[in-house]
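Coordinates in review
What follows is each chain in one-letter form.
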Amino acid sequence: MDIAAERIERLQELARAAATEGNHDRARYYVRLARRVAERNRLTLPRKFRRFTCDRCDAYLRPGQNARVRLRDGHVVVTCDCGAHARYPYESNTA
Ligand SMILES: [Zn+2]
């Protein structure tokens, strides 16, 4: 794993920790940093990163805290508190 990928991984951990503490602005800050690192290094963000971040407001999503998760028609629908929806095909927790 290269340094950029490691940084993204680390930022995701920090974002999750901040979100868990209810510190969503701080979590957003880490999410944005991670996106920037990915962009600069032409990396694709890991799937679990994309799944747990809101494309609209950059929140780090914690189901039950600032996001709702529903299963529908074989899809996972994640709704952020900002109102944005994201849909993913349902699969087991491989990400
Ligand atoms: Zn959002």
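In short, a report on the structure. In this text, all values refer to a predicted model and were calculated from it rather than measured experimentally.

1. Regarding the side chain of T79
Along the chain, the position of T79 falls in strand β2 (residues 75–80). Residue class for T79 comes out buried when judged on its relative accessible area of 10%. A distance of 3.1 Å separates the side chain of T79 from the side chain of H85, its partner in a polar contact. Ignoring anything within four residues of it in the chain, the contact list for T79 reads N66, A67, R68, A84 and H85.

2. Some details on the coordination of the zinc ion
The coordination sphere of the zinc ion contains the protein donors C54 (SG), C57 (SG), C80 (SG) and C82 (SG), at a distance range of 2.3 Å. For the zinc ion, the 4 donor atoms in the first shell make angles of 106 to 113° at the metal, so the coordination geometry reads as tetrahedral. Considered as a linear motif, the donors of the zinc ion on their single chain read C-x2-C-x22-C-x1-C. Residue C57 is found in the loop between α3 (47–51) and β1 (67–72), and its partner C80 is found in strand β2; the two are separated by 23 residues along the sequence. Residue classification places C80 among the buried residues on the basis of a relative accessible area of 5%.

3. Thoughts on the packing of aromatic side chains
Within this structure, the stated rule accounts for 2 aromatic pairs. The ring of Y88 carries the charged tip of R51 above its face, separated from the ring centre by 4.4 Å.

4. Quick word on the pairing of strand β3 (residues 85–89)
Taken together, the 5 bridges between β2 and β3 define a ladder with antiparallel strand orientation. The residue of β3 that forms the bridge with H75 is P89. What sits between the antiparallel neighbours β2 and β3 is a turn of 4 residues, in which G83 has the positive phi angle 105°.

5. Some thoughts on the nonpolar core
Residues I8, L11, F49 and Y60 are the most contacted members of the largest nonpolar core, which totals 16 residues. Every element with two or more residues in this core is listed here: α1 (3–20) and α2 (24–40). Tallying contributions element by element places α2 first for this core, with 7 residues. Each residue touching I8, except ones within four places of it in the same chain, is listed here: A34, V37, A38, L43, L45, P46 and F49. Counting residues in each nonpolar core, the second largest holds 10 residues, with C57, L61, V78 and A84 among its members.

Scoring rules and cut-offs
Residues numbered from 1 in each chain as written. Predicted model: local features only at pLDDT ≥ 70, side-chain atom pairs only at ≥ 80, totals over all residues. Heavy atoms only, no water. Helix = DSSP H or I, 4+ residues; strand = E, 2+ residues; numbered from the N terminus. Buried < 20%, exposed > 50% of the residue type's maximum accessible area, 1.4 Å probe, protein only. Polar contact = N/O pair within 3.5 Å; in protein donor to acceptor, adjacent residues only side chain to side chain. Contact = heavy atoms within 4.5 Å. Donors = N, O, S within 2.8 Å, 3.2 Å for Na, K, Ca; no water. Tetrahedral: all angles 85-135°; square planar, octahedral: opposite > 155°, others 65-115°. Phe/Tyr/Trp six-rings, centres within 6.5 Å; stacked < 30°, edge-to-face > 60°. Lys NZ or Arg CZ within 6 Å of the ring centre and 35° of its normal. Pairing = 2+ DSSP bridges. Core = buried A, V, L, I, M, F, W, Y, C linked by side-chain atoms within 4.5 Å.

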